Amino acid sequence: MARLDLALDDIVQLRKPHPCGGYRWRVTRLGADIGLRCMTCEHKVMLPRATVEQRTKAHFDPEGQPKPAPNADKAP
């Protein structure tokens, strides 16, 4: 599995919705654990980096533009 290149204030879309119905989360803390804040209800959670990498469906920069996958530039 490729490692996500996360930065503060990036936005990640997770596979399952939060109970409030939101899918998008803003990155608020980096390290072994990743701090996320729901963009719908502002709820904060801390998840292990491996869990965030497994559950991430899409990755966006702070302006909402999609970021390329880590190995998108490698041709088969």
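Residues numbered from 1 in each chain as written. Predicted model: local features only at pLDDT ≥ 70, side-chain atom pairs only at ≥ 80, totals over all residues. Heavy atoms only, no water.

**Some thoughts on the layout of surface pockets**
Quantified by volume, the second largest pocket comes out at close to 200 Å³. Of the residues contributing to the lining of the second largest pocket, the split by class is 5 nonpolar, 1 polar and 3 charged. (1 Å grid on protein atoms, 1.4 Å probe; cavity = no way out; pocket = protein on both sides within 12 Å on 5 of 7 lines; lining within 4 Å. Points joined across faces, edges and corners; volume = space filled by probe spheres on them. Nonpolar A, V, L, I, M, F, W, Y, C, P; charged D, E, K, R; others polar.)

**Description of the sheet that holds strand β5 (residues 56-60)**
Read from one edge of the open sheet, 5 strands run β4-β3-β2-β1-β5, paired in antiparallel fashion. Of all the strands in the sheet, just β4 (44-48) and β5 have a single pairing partner and so form its edges. Here the average twist between neighbouring strands, direction ignored, is 35°. Bridge analysis of strand β3 (residues 33-38) against β4 gives 5 bridges, and the strand direction is antiparallel. Each residue of the ladder has a partner; that of Asp-33, found in β4, is Pro-48. (Pairing = 2+ DSSP bridges. Helix = DSSP H or I, 4+ residues; strand = E, 2+ residues; numbered from the N terminus. Axes fitted to C-alpha atoms, helices over the stretch in contact; angles between N-to-C directions.)

**A closer look at the pattern of salt bridges**
Under the criterion given, the structure shown has 1 salt bridge. We note a salt bridge from Glu-42 to Arg-37, for which the minimum N-O separation is 3.4 Å. (Salt bridge = Lys/Arg side-chain N within 4 Å of Asp/Glu carboxyl O.)

**Looking at unusual backbone geometry**
Both trends apply: most residues other than glycine have a negative phi, and most peptide bonds are in trans. Phi angles above zero are rare outside glycine, and Asp-9 is one such case at about 75°. Tracing the chain through its elements places Asp-9 in the segment before β1 (11-14). Relative accessible area serves as the criterion here: at 40%, Asp-9 is assigned to the partly exposed category. Look at Glu-42: it is not a glycine, yet its phi comes out positive at around 70°. (Buried < 20%, exposed > 50% of the residue type's maximum accessible area, 1.4 Å probe, protein only.)

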